[in-house]
Amino acid sequence: MSAAILFATNTPKYSSFLVNLCRELYPDVKAFLPGEPGAENAQIAACWAPDQDLLIEYPNIKLIHSVAAGVDHLGETLLTAGLPVCRVVDDGQKIGMFEYILYGILNVQRNFDKAIQEQSIKNWQRYPIRKKKDIRIGFLGLGELGGYVSSQLAAFGYSVYGWSRTKKFLQDVHCYFGEDGLDSLLEQSDIVVNILPLNASTQGILNAQVFNKMPEGSYLINCGRGDHLVEADLIQAIESGHLRGALLDVFSVEPLPENNPLWTTQGVSITPHVASDASKPEIIHQLVDNAKKLAAEERLNNQINPTLGY
Ligand code: NDP
């Protein structure tokens, strides 16, 4: 197999790490950093937030491969270049996402978020314990990640709802779709979990209109993308007392700037884009597998629909 892969992430250290791992796992595959001799022959670009001039500098690229689950970071120029775009789908990443979302749910269900606030004022305050089945969780997005996590939580005993673009059938998950479906989900969710991909139709979807439809005292978990959220609307919904709070993993600007008011909004918990990730060897395995498929002109794995953008 003679395919050559160019590792083009926005962090030279991360690109170098992936190149070295690829050389170690697959000595027969040619792995390059941008600018290295021979890189101009690369047919596959393995990317995270790459330079938008990538295809001008490397005209032999025939496949753009995200090194993550999302593809929004590739940018409009590369997403609309007419080349196939693939992404990584990893079972381990699904488990990591389940753990993260379960943490957010338990925080609310068992009032651990309130206990932390009470500790800061040395107040001994006990709360009633709510059963899993009494906690209604609404998922925005029922794809690889949302589909897996919602099903696991339903099997674990929570009352789970989900929303997607097209109708889905998942055991014990009450599935909605379309605009009316979104309203039905929001109205009956104690916790809304966003795990949608970012595209033109989902940008800014977590806004005042949506928050107003969520029940009094409900909670948001955002592990999709920062641009799904209108930050000022969330702060307003929490400070007015309508929403209990939010667990946020992703932000429009990352790292979250020091002066961003989310840092200090009471009820907001922040994690630095760590909800879950694919294992590094798995990323390399999937890249190389698709490189082989490209060379053999076979159907690629995990190729996105360019019209839908995911
Ligand atoms: P998938 O492409 O597998 O699933 C996307 C889901 O969103 C599908 O159910 C799809 O519906 C639904 N959807 C897309 N657009 C709309 C819309 N306009 N209205 C309603 N539903 C819509 O994606 P994954 O599950 O693999 O990943 C989702 C996102 O999670 C990634 O794009 C990434 O942004 C984020 N992510 C975050 C991580 C973190 O650490 N914070 C880690 C990994 C991913 P349908 O199937 O009907 O088309």
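Please refer to the structure higher up on the page.
Residues numbered from 1 in each chain as written. Predicted model: local features only at pLDDT ≥ 70, side-chain atom pairs only at ≥ 80, totals over all residues. Heavy atoms only, no water.

> How would you explain the overall build of the chain if you had to name every residue and give the values?
Within the chain one finds 10 helices and 12 strands. Expected size for 310 residues packed as a compact globule is a radius of gyration near 19 Å; at 21 Å, the chain falls within 12% of this value. Projected onto its principal axes, the C-alpha coordinates of the chain cover approximately 65 × 40 × 30 Å. Here the chain holds 310 residues, and 50% of them are scored as buried. In the chain, the proportion of contacts linking residues at least 24 apart, taken out of those at least 6 apart, comes to 60%. Accessible surface, the chain as shown: approximately 15,300 Å² in total, 52% of it carbon and sulfur. The averaged location of the 35 negative side-chain charges in the chain is 8 Å from the averaged location of its 25 positive side-chain charges. (Helix = DSSP H or I, 4+ residues; strand = E, 2+ residues; numbered from the N terminus. Rg over C-alpha atoms; globule rule 2.2 N^0.38 Å. Buried < 20%, exposed > 50% of the residue type's maximum accessible area, 1.4 Å probe, protein only. Contact = heavy atoms within 4.5 Å. Areas by Shrake-Rupley, 256 points an atom, 1.4 Å probe, with all protein chains shown as cover. Lys, Arg positive; Asp, Glu negative; His and termini not counted. Charge placed at Lys NZ, Arg CZ, Asp CG, Glu CD.)

> Can you break down the nonpolar core residue by residue, with the values?
I101, I105, F139, L153, I221 and C223 are the most contacted members of the largest nonpolar core, which totals 28 residues. Elements with a minimum of two residues in this core: α4 (91-109), β6 (136-140), α6 (144-156), β8 (173-177), β9 (191-194) and β10 (218-222). Take this core: its biggest share by element is 7 residues, from α4. Look past the residues within four positions of I105 in its chain and what remains in contact with it is I135, I137, L153, Y158, I191 and I221. Core analysis: the next-biggest nonpolar cluster, separate from the first, contains 27 residues, W163, I205, L256 and V268 among them. (Core = buried A, V, L, I, M, F, W, Y, C linked by side-chain atoms within 4.5 Å.)

> I'd like to hear about the site of the ligand, residue by residue, with values.
Neighbouring the ligand are 31 residues; R87, L145, T166, K168 and Y310 lie closest to it. In the model, an oxygen atom of the ligand is placed 3.1 Å from a nitrogen or oxygen of the G143 main chain. One nitrogen or oxygen atom from the side chain of D249 is found 2.9 Å from a nitrogen atom belonging to the ligand. Coverage of the ligand by the protein chains reaches 92% of its 940 Å² of free accessible surface. Secondary structure elements with two or more residues in the shell around the ligand: α4, α6 and β7 (159-164). Of the residues assigned to the shell around the ligand, the class counts are 12 nonpolar, 13 polar and 6 charged. (Near = heavy atom within 4 Å. Polar contact = N/O pair within 3.5 Å; in protein donor to acceptor, adjacent residues only side chain to side chain. Nonpolar A, V, L, I, M, F, W, Y, C, P; charged D, E, K, R; others polar.)

> Could you give me a rundown of the sheet that holds strand β4 (residues 63-66), with the residues and numbers involved?
The 5 strands lie next to each other as β2-β1-β3-β4-β5, forming an open sheet whose pairing is parallel. Looking at strand neighbours, the two that pair on one side only are β2 (30-32) and β5 (85-86), the edges of this open sheet. With 2 bridges joining them, β4 and β5 adopt parallel strand pairing. Paired with I64 across the two strands is V85, which belongs to β5. Running over the sheet, helix α1 (residues 12-25) touches β1 (4-9) and β2 and is turned about 155 degrees from β1. (Pairing = 2+ DSSP bridges. Axes fitted to C-alpha atoms, helices over the stretch in contact; angles between N-to-C directions.)

> Got a sec to walk through the packing of α1 against helix α10 (residues 280-295)? Specific residues and values, please.
Their axes nearest at 10 Å, the elements α1 and α10 cross at an angle of 70 degrees. Relative to α10, α1 is oriented roughly perpendicular. Two packed elements cross with a definite hand, and for α1 against α10 that hand is right-handed. Packed against α1, whose contacting residues are Y14, F17, L18, L21, C22 and L25, the element α10 presents K280, P281, I283, I284, H285 and V288 at the interface. Partitioned by chemical class, the residues of the contact of α1 with α10 number 10 nonpolar, 1 polar and 1 charged. (Parallel < 35°, antiparallel > 145°, perpendicular 65-115°, else oblique. Left-handed = near helix turned anticlockwise from the far one by under 90°.)

> Tell me about the packing of aromatic side chains, and please be specific about residues and values.
Enumeration according to the criterion identifies 1 aromatic pair in this entry. Pairing F156 with Y158 gives two aromatic rings, centres 6.0 Å apart and planes at 55 degrees, and the pair type is tilted. Classification of Y158 by relative accessible area gives buried; the value is 4%. The ring of F156 has K132 sitting right over it, with the charged end atom 4.2 Å from the ring centre. One Lys or Arg, K167, reaches over the ring of F169 and ends 5.4 Å from the middle of that ring. (Phe/Tyr/Trp six-rings, centres within 6.5 Å; stacked < 30°, edge-to-face > 60°. Lys NZ or Arg CZ within 6 Å of the ring centre and 35° of its normal.)

> Explain helix α9 (residues 231-239) to me, using residue names and the numbers behind them.
Taken as a whole, α9 has its buried residues at E231, L234, I235, A237 and I238. Along α9, the residues classed as buried sweep out an arc of 165 degrees about the axis, all on the same side. Turned more than 90 degrees off the buried face of α9, the exposed positions are A232, Q236 and E239. On its buried side, α9 packs onto α8 (208-213), β10, β11 (243-248) and β12 (268-270). (Arc of directions from axis to C-beta.)

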